[in-house]
Amino acid sequence: LEEWSKTCDEYLGYVQRPLQRIPLRHLLDCTQASWDDAYREWSVLQFWVGLVTAVVLAVLSTLDGADIGHTVVKAAVRICVAYGLAHLSWFAVVRKGGCFCCVVACCECGALLLIWGVLDILWSAAGFLALLKVSSKCLFDFCIIGVVLQAAYSVILFYMGLCC
């Protein structure tokens with residue numbers, strides 16, 4: 001945990017300047033000069049799309065009559081989770097070359113990259129399945145915006161899985 005927290009400044013630098021090493025149009029390529037750079041860029045995009053999704057869903061929920069206090073807390077949690085997962089996955093995959101972090105220890109092994117890749121792809125699939133459920137039950141006109149953002153988030157997770 002201490003080693004991960006020491007990388008916050010470095011990772012925030014990437015978050016502040018996304019797509020510096022690989023332009024978006026090249027991130028979709030099936031071959032990369034550096035899969036570590038590709039993973040880093042995808043993790044930064046994961047954070048930004050997660051942040052935008054949290055804010056947009058909060059606004060839409062408020063417009064739909066949801067409790068503002070509950071909506072703000074939910075949005076804050078989504079933003080924290082988006083950053084935490086983006087930074088942790090970057091640390092585990094790129095910085096450590098494959099590790100699984102627990103509260104007090106980090107198990108390192110190159111084979112753990114496969115596990116991160118599978119988890120990213122499974123989270124992507126879960127996001128797409130959730131889309132099927134949500135898109136068929138839109139309660140207000142603007143819900144399609146949330147569906148599109150969740151689809152983008154799921155695509156990002158899928159590509160993160162491929163980069164492992």
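Above this text is the structure in question.
What counts, and at which threshold
Residues numbered from 1 in each chain as written. Predicted model: local features only at pLDDT ≥ 70, side-chain atom pairs only at ≥ 80, totals over all residues. Heavy atoms only, no water. Helix = DSSP H or I, 4+ residues; strand = E, 2+ residues; numbered from the N terminus. Rg over C-alpha atoms; globule rule 2.2 N^0.38 Å. Buried < 20%, exposed > 50% of the residue type's maximum accessible area, 1.4 Å probe, protein only. Contact = heavy atoms within 4.5 Å. Phe/Tyr/Trp six-rings, centres within 6.5 Å; stacked < 30°, edge-to-face > 60°. Axes fitted to C-alpha atoms, helices over the stretch in contact; angles between N-to-C directions. Parallel < 35°, antiparallel > 145°, perpendicular 65-115°, else oblique. Nonpolar A, V, L, I, M, F, W, Y, C, P; charged D, E, K, R; others polar. Salt bridge = Lys/Arg side-chain N within 4 Å of Asp/Glu carboxyl O.

## Thoughts on the overall build of the chain
Part 1 of the reasoning: Tallying secondary structure elements over the chain gives 7 helices and 2 strands in all.
Part 2 of the reasoning: Along the chain direction, N to C, the helices and strands of the chain fall in the order α-α-α-α-α-β-β-α-α.
Part 3 of the reasoning: Over its C-alpha trace the chain gives a radius of gyration of 17 Å, about what one expects of a compact globule, namely 15 Å for 164 residues.
Part 4 of the reasoning: Buried residues in the chain amount to 34% of all 164 residues.
Part 5 of the reasoning: In the chain, the share of contacts with a sequence separation of at least 24, taken over all contacts with a separation of at least 6, comes to 66%.

## Topic: the packing of aromatic side chains
Part 1 of the reasoning: Applying the stated criterion across every chain yields a total of 8 aromatic pairs.
Part 2 of the reasoning: Taken together, a centroid distance of 5.0 Å and an interplanar angle of 10 degrees make the contact between Trp42 and Tyr159 stacked. You can see Trp42 sitting in helix H4 (residues 35-63) and its partner Tyr159 sitting in helix H7 (residues 143-163), a full 117 residues away along the chain.
Part 3 of the reasoning: Here Trp42 falls in the buried class, since its relative accessible area comes to 3%.
Part 4 of the reasoning: Seen in terms of ring centroids, Phe47 and Tyr83 are 5.9 Å apart; in terms of plane orientation they differ by 90 degrees. Their pairing is edge-to-face. You can see Phe47 sitting in helix H4 and its partner Tyr83 sitting in helix H5 (residues 68-95), a full 36 residues away along the chain. The same class applies to Phe47 and to Tyr83, which are both buried.
Part 5 of the reasoning: The rings of Tyr11, Tyr14, Phe47, Trp48, Tyr83 and Trp90 are connected pair by pair, giving a single aromatic cluster.

## Some words on unusual backbone geometry
Part 1 of the reasoning: Despite not being glycine, Leu19 shows a phi value in the positive range, around 60 degrees.
Part 2 of the reasoning: Mapped onto the elements, Leu19 comes out in the loop between helix H2 (8-16) and helix H3 (24-27).

## Description of the packing of H4 against H5
Part 1 of the reasoning: Interhelical geometry of H4 versus H5 gives an angle of 175 degrees and a closest axis separation of 9 Å. Relative to H5, the element H4 is oriented roughly antiparallel.
Part 2 of the reasoning: When its residues are assigned to classes, the contact of H4 with H5 shows 17 nonpolar, 7 polar and 3 charged.

## Let's talk about the pattern of salt bridges
Part 1 of the reasoning: Tallied over the full model, the rule gives 6 salt bridges.
Part 2 of the reasoning: Residue Asp37 is joined to Arg21 by a salt bridge in which the shortest nitrogen-to-oxygen separation is 3.7 Å. Note that Asp37 is positioned in helix H4 and Arg21 in the loop between H2 and H3, a separation of 16 residues in sequence.
Part 3 of the reasoning: Across the pair Glu41 and Arg40 runs a salt bridge, and its minimum N-O distance is 3.0 Å.
Part 4 of the reasoning: For Glu41, a relative accessible area of 1% translates into the label buried.
Part 5 of the reasoning: Of the residues examined, Arg40 reaches a relative accessible area of 5% and is grouped as buried.
Part 6 of the reasoning: One connected set of salt bridges, linked through shared partners, spans Arg21, Asp37, Arg40 and Glu41.

## Quick notes on the packing of H2 against H4
Part 1 of the reasoning: Running from N to C, H2 and H4 cross one another at 75 degrees; their axes reach a closest spacing of 9 Å. The angle between H2 and H4 places the two elements in the roughly perpendicular class. In this structure, H2 uses Tyr11, Tyr14 and Val15 to contact H4, whose residues at the interface are Arg40, Ser43, Val44, Phe47 and Trp48.

## A few points about the side chain of Asp37
Part 1 of the reasoning: Note on Asp37: relative accessible area 17%, which makes it buried.
Part 2 of the reasoning: Excluding residues within four positions of it along the chain, Asp37 makes contact with Arg21 and Ile22.

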